[in-house]
Amino acid sequence: MASNGNGPATGGVAAGGRNGLAKIQTQKKHNEICHDDSGPTVKAQTIDELHSLQKKKSAPTTPILDGTQGPFAALSEEERHKQQLQSISASLASLTRETGPKVVKGDPARKAETPRISHVSHPHITPTISVSDSALKFTHVLYNLSPAELYEQAIKYEQGSFITSTGALATLSGAKTGRSPKDKRVVRDDTTQDDLWWGKGSPNIEMDEHTFMVNRERAVDYLNSLEKVFVNDQFLNWDPENRIKVRIVSARAYHSLFMHNMCIRPTPEELENFGTPDFTIYNAGQFPCNRYTHYMTSSTSIDMNLDRREMVILGTQYAGEMKKGLFSVMHYLMPKRQILSLHSGCNMGKDGDVALFFGLSGTGKTTLSTDHNRYLIGDDEHCWSENGVSNIEGGCYAKCIDLSREKEPDIWNAIKFGTVLENVVFDEHTREVDYSDKSVTENTRAAYPIEFIPNAKLPCVAPHPKNVILLACDAFGVLPPVSKLSLAQTMYHFISGYTALVAGTEDGIKEPQATFSACFGAAFIMLHPTKYAAMLAAKMQKHGATGWLVNTGWSGGRCGVGNRIKLAHTRKIIDAIHFGSLLNANYKKTEVFELEIPLQVEGVPSEILDPVNTWSDKKAYNETLLKLAGLFKNNFEVFVNHKIGKDNKLAEEILAAGPIF
Ligand SMILES: Nc1ncnc2c1ncn2[C@@H]1O[C@H](COP(=O)(O)OP(=O)(O)OP(=O)(O)O)[C@@H](O)[C@H]1O
Ligand SMILES: O=C([O-])CC(=O)C(=O)O
Ligand SMILES: [Ca+2]
Ligand SMILES: [Mn+2]
């Protein structure tokens, strides 16, 4: 029954109240029964019953297979479930105790709804979360939750988690908003002693096995002391022959959703046959390491044990540590199989022409591999095997600072329900994100499944690359926007791994900071850089790939004087590389770096192609050019005495491919 104040009132409502509104008559007319509603009522007597109607049980995960495939095919669903919990309990086992914790599946807050409580080691004890003694308590496992479930967990239990206006999950990574390379350690044992790259320039800071176990125990005890932990069982590498099974145990829904997005998501069938993981991460990032522990130099430690195939994270919640930790593992495992692991993006044209995009953080791998006219294979981590290129990951991790819908529409549109948005600032009411706001950090990020990019190619594999594009963001402003490289030059620049970003985020006048990071990813490689370089050279030669150096940084002067090269211009340059038109353009050679630069590129003002034209102060240009050349030379000195590949000829050519002055 409704009244609207305009027409005559109906039922028990009398017209003529103040404001002309109908006056509600509370007195019931004689004999009239009050109806709340005339519509049908739900088939529930209680609220609980009503709630139970809302959710339908997920389709049983067995039997999906026909009973003849896979190692677990003969098992009943019950048995399979038990084995899964036993496997998780084993992962969480303290190695000094006999058994792992008692694990049950499901949210402890929903005890009444938990469909089935399985006892792993003590079937006669009824689980209770009121017992705090770690030997008696149960660890609740939230296993491969869906994004919707993880949203609810994050919003209910994790401060700083919000839904943005486009449906993404905004979250905070805590005190750390970037990786901590100085706190990344690797166990040095009999095997890694000889296999890995140690010493000056190496990212592998050594630790011993015992200290690893101390930190592992600390992380495992921390995780077991919690009411619940998240467990993700997923894959790395889209090449089916070289797929790696990873398990991530973490304390935050944010971490679980991040890895759900970034690793390859198993199908229900694949999950059933998951078995034992090849590698396990223990992420106890909220908990610091013990500063009295040997080797610890801060409260953060990211520890890798290749023999145990485990990684422990203490004292940092930045999710990128997990992503890049696993990348390091691939940089160890893949070369052992003659497969080259690459810190690069990759995309493919309609005709199957493939390009790799190498570059250090912030140089444009994600931005330029996400191209509306091409298929995206991946934005950050790949393998190059005899079969071609395969993405290691199942998602992308894009920088968001100053993100705009116009310049990067595909990334903009990928920020929707399911996407993790780290450390962004948003309007408290409308929840609209202000991508220009650096209040929390400049390193704001979005992690989304690769399918969120409309032209992602699934499975994420591609033929052998035709073009190998080395990206450098040169804040000195002296490298040309594009140059064509010889194989030796490609190797020289690959080993150098140069970029220079703006030093201060606010004060634009500061000196740019040159960074040299071998293989465009020294923080993640495990073997000596020349091993990867030799493999890249052999593959490029075999498959006839052309190398390019593209400066996505400054033009017309160093940062503070000139401007960053327009993204639209860089995109035109990349287009010309893809189309093949740039390969046959007319070229001239620059001084000092001896780079071949094109005289014309369609859609790009010709005068910017040679940086000397864009500097009004030619003397400053020459000084800056020589300064950068000197930095390259100093950096390369440590590689001078290293053999690259089988014959010395290439090594000599590479040395000669550096700047000459
Ligand atoms: N000319 C340009 N070319 C490429 N990127 C540009 C250009 N001008 C500005 N940018 C900006 O630079 C940033 C490049 O970051 P991007 O996410 O592509 O880095 P990345 O190489 O993927 O790094 P990471 O390995 O850390 O993910 C983006 O924010 C992009 O908008
Ligand atoms: O690892 C990260 O945090 C982001 C990234 O891709 C990189 O730095 O190369
Ligand atoms: Ca990226
Ligand atoms: Mn990266």
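- With an unreviewed UniProt entry as reference, the protein is termed phosphoenolpyruvate carboxykinase (ATP), source organism Cinchona calisaya.
- Turning to the protein, the UniProt annotation filed under Subcellular location (unreviewed entry) states: "Cytoplasm".
- A UniProt comment under Pathway (unreviewed entry) is attached to the protein, and it reads "Carbohydrate biosynthesis; gluconeogenesis."

**Quick word on the side chain of His 331**
(1) Moving on: Secondary-structure assignment places His 331 in helix α8 (residues 320-336).
(2) Moving on: What His 331 contacts, discounting residues up to four positions off in sequence, is Ser 341, Leu 342, Phe 524, Ile 525, Met 526, Leu 527 and Tyr 532.

**A word on the pairing of strand β11 (residues 279-284)**
(1) Moving on: Within β11, six of the six residues are buried, which leaves it mostly tucked inside the rest of the structure.
(2) Moving on: Both faces of β11 are covered, namely the face carrying Phe 279, Ile 281 and Asn 283 and the face carrying Thr 280, Tyr 282 and Ala 284.
(3) Moving on: Bridge analysis of strand β10 (residues 244-250) against β11 gives five bridges, and the strand direction is parallel. Bridge assignment links Val 249 to a residue of β11, and that residue is Tyr 282.
(4) Moving on: Note: β11 against strand β13 (residues 310-314), five bridges, orientation parallel. Residue pairing in the sheet places Ala 284 in a bridge with Leu 314 of β13.

**What about the pattern of salt bridges?**
(1) Moving on: Tallied over the full model, the rule gives 19 salt bridges.
(2) Moving on: When the shortest N-O distance is used, the salt bridge between Asp 107 and Lys 228 registers 3.9 Å. Taken together, the residues span a long stretch of sequence, with Asp 107 in the loop between β3 (102-105) and β4 (138-143) and Lys 228 in strand β9 (residues 228-236) at a distance of 121 residues.
(3) Moving on: Residue classification places Asp 107 among the buried positions, given a relative accessible area of 9%.
(4) Moving on: Take Lys 228: its relative accessible area is 12%, and that puts it in the buried class.
(5) Moving on: Between Asp 195 and Lys 336 there is a salt bridge; the shortest N-O distance is 3.0 Å. You can see Asp 195 sitting in helix α4 (residues 190-195) and its partner Lys 336 sitting in helix α8, a full 141 residues away along the chain.
(6) Moving on: Judged by relative accessible area, Asp 195 falls into the partly exposed class, the value being 23%.
(7) Moving on: Each of Lys 323, Lys 324, Asp 380, Glu 381 and Glu 393 takes part in a single network of salt bridges with overlapping partners.

**Some points on the nonpolar core**
(1) Moving on: One finds Ile 281, Phe 358, Leu 421, Tyr 448, Phe 593 and Ile 654 to be the most contacted residues of the largest nonpolar core, which totals 127 residues.
(2) Moving on: Considering every element that reaches this core, the biggest residue donor is α8, with eight residues.
(3) Moving on: Core analysis: the second largest hydrophobic core is formed by 25 residues, Val 141, Val 187, Val 231 and Leu 314 among them.

Criteria and cut-off values
Residues numbered from 1 in each chain as written. Chains lettered and ligands numbered in written order. Predicted model: local features only at pLDDT ≥ 70, side-chain atom pairs only at ≥ 80, totals over all residues. Heavy atoms only, no water. UniProt positions renumbered as here; feature names shortened; annotations may be inferred. Helix = DSSP H or I, 4+ residues; strand = E, 2+ residues; numbered from the N terminus. Contact = heavy atoms within 4.5 Å. Buried < 20%, exposed > 50% of the residue type's maximum accessible area, 1.4 Å probe, protein only. Pairing = 2+ DSSP bridges. Salt bridge = Lys/Arg side-chain N within 4 Å of Asp/Glu carboxyl O. Core = buried A, V, L, I, M, F, W, Y, C linked by side-chain atoms within 4.5 Å.

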